[in-house]
Amino acid sequence: MDDTVAQPMLSASERKHRAKRFNEGLKPAATLLNSSAIATIGIAVINPLAQRHLDLVADGGWTLLIAAIVLHLMGQLMIRFLRPED
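Everything numeric here is computed off the predicted structure, so don't read it as measured data.

Asker: Sorry, what's going on with the packing of aromatic side chains here?
Answerer: Pairs of aromatic rings are described using the distance from one ring centre to the other and the angle between the two planes. Following the criterion strictly, the structure yields zero aromatic pairs and no others. Over the aromatic face of Phe22 sits the side chain of Arg83, whose NZ or CZ is 3.9 Å from the ring centroid.

Asker: What am I meant to see in the side chain of Asn34 here?
Answerer: Position of Asn34 relative to the elements: it lies in helix H1 (residues 12-50). Setting aside residues no more than four positions away along its own chain, Asn34 makes contact with His72, Gly75, Gln76 and Ile79.

Asker: For this particular structure, what's the right way to read helix H2 (residues 61-80)?
Answerer: In this model H2 runs 29 Å from its N-terminal to its C-terminal C-alpha over 20 residues, within 8% of the 28 Å that 1.5 Å per residue would give. When H2 is considered as a whole, its buried residues turn out to be Gly61, Ala68 and Gly75. For H2, the angular spread of buried residues about the axis comes to 40°, placing them on one side. In H2, the exposed positions angled more than 90 degrees off the buried face are occupied by Ile69, Leu73, Leu77 and Arg80. Contacts made by the buried residues of H2 are with H1.

Asker: Which parts of the structure should I look at to understand the packing of H1 against H2?
Answerer: Working note: a packed helix pair is described by the angle between its axes plus the distance between those axes. Two elements in contact, H1 and H2, have axes whose closest approach is 8 Å; the angle formed by their N-to-C orientations is 165°. Viewed along their axes, H1 and H2 adopt a mutual orientation that is roughly antiparallel. In this structure, the crossing between H1 and H2 has a hand that is left-handed. Residues Leu26, Ala29, Ala30, Leu33, Asn34, Ser36, Ala37, Thr40, Ile41, Ile43 and Ala44 of H1 lie in contact with H2, whose contacting residues are Gly61, Leu64, Leu65, Ala67, Ala68, Leu71, His72, Met74, Gly75, Gln76, Met78 and Ile79. Within the contact of H1 with H2, the residues separate by chemical class into 16 nonpolar, seven polar and no charged.

Asker: Can you walk me through the pattern of salt bridges in this structure?
Answerer: When the charged atoms of two side chains with opposite charge come close together, those side chains can pair. For the coordinates displayed, the defined rule picks out three salt bridges. Between Lys20 and Glu85 there is a salt bridge, and its shortest N-O distance comes to 3.4 Å. Taken together, the residues span a long stretch of sequence, with Lys20 in helix H1 and Glu85 in the segment after H2 at a distance of 65 residues. The salt bridge partner of Lys27 is Glu24, with a shortest N-O separation of 3.0 Å. Placement of both Lys27 and Glu24 in helix H1 is noted, with a separation of three residues, approximately one turn of the helix. In this structure Lys27 comes out as partly exposed when scored by relative accessible area, which is 39%.

Procedures and definitions
Residues numbered from 1 in each chain as written. Predicted model: local features only at pLDDT ≥ 70, side-chain atom pairs only at ≥ 80, totals over all residues. Heavy atoms only, no water. Phe/Tyr/Trp six-rings, centres within 6.5 Å; stacked < 30°, edge-to-face > 60°. Lys NZ or Arg CZ within 6 Å of the ring centre and 35° of its normal. Helix = DSSP H or I, 4+ residues; strand = E, 2+ residues; numbered from the N terminus. Contact = heavy atoms within 4.5 Å. Expected span 1.5 Å × (residues − 1). Buried < 20%, exposed > 50% of the residue type's maximum accessible area, 1.4 Å probe, protein only. Arc of directions from axis to C-beta. Axes fitted to C-alpha atoms, helices over the stretch in contact; angles between N-to-C directions. Parallel < 35°, antiparallel > 145°, perpendicular 65-115°, else oblique. Left-handed = near helix turned anticlockwise from the far one by under 90°. Nonpolar A, V, L, I, M, F, W, Y, C, P; charged D, E, K, R; others polar. Salt bridge = Lys/Arg side-chain N within 4 Å of Asp/Glu carboxyl O.

Encoded structure:
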């Protein structure tokens, strides 16, 4: 005996509504990651300047820049999961 249950066909408006709800939940997470990337870049640039260092990659600044790139790429990856609403 097969235990799978056939899903009822969804109307176009129901599919659009579900896609919109999914997308609206995904957008804040992607925005958070991109905003964190911007803040990390800011820390990587402002901190050495405040300490009067002209080398931004010295003293571990390169790790902050790599972290910012990774955060940004994660945010962009999340945007790829957006569902079409049409």
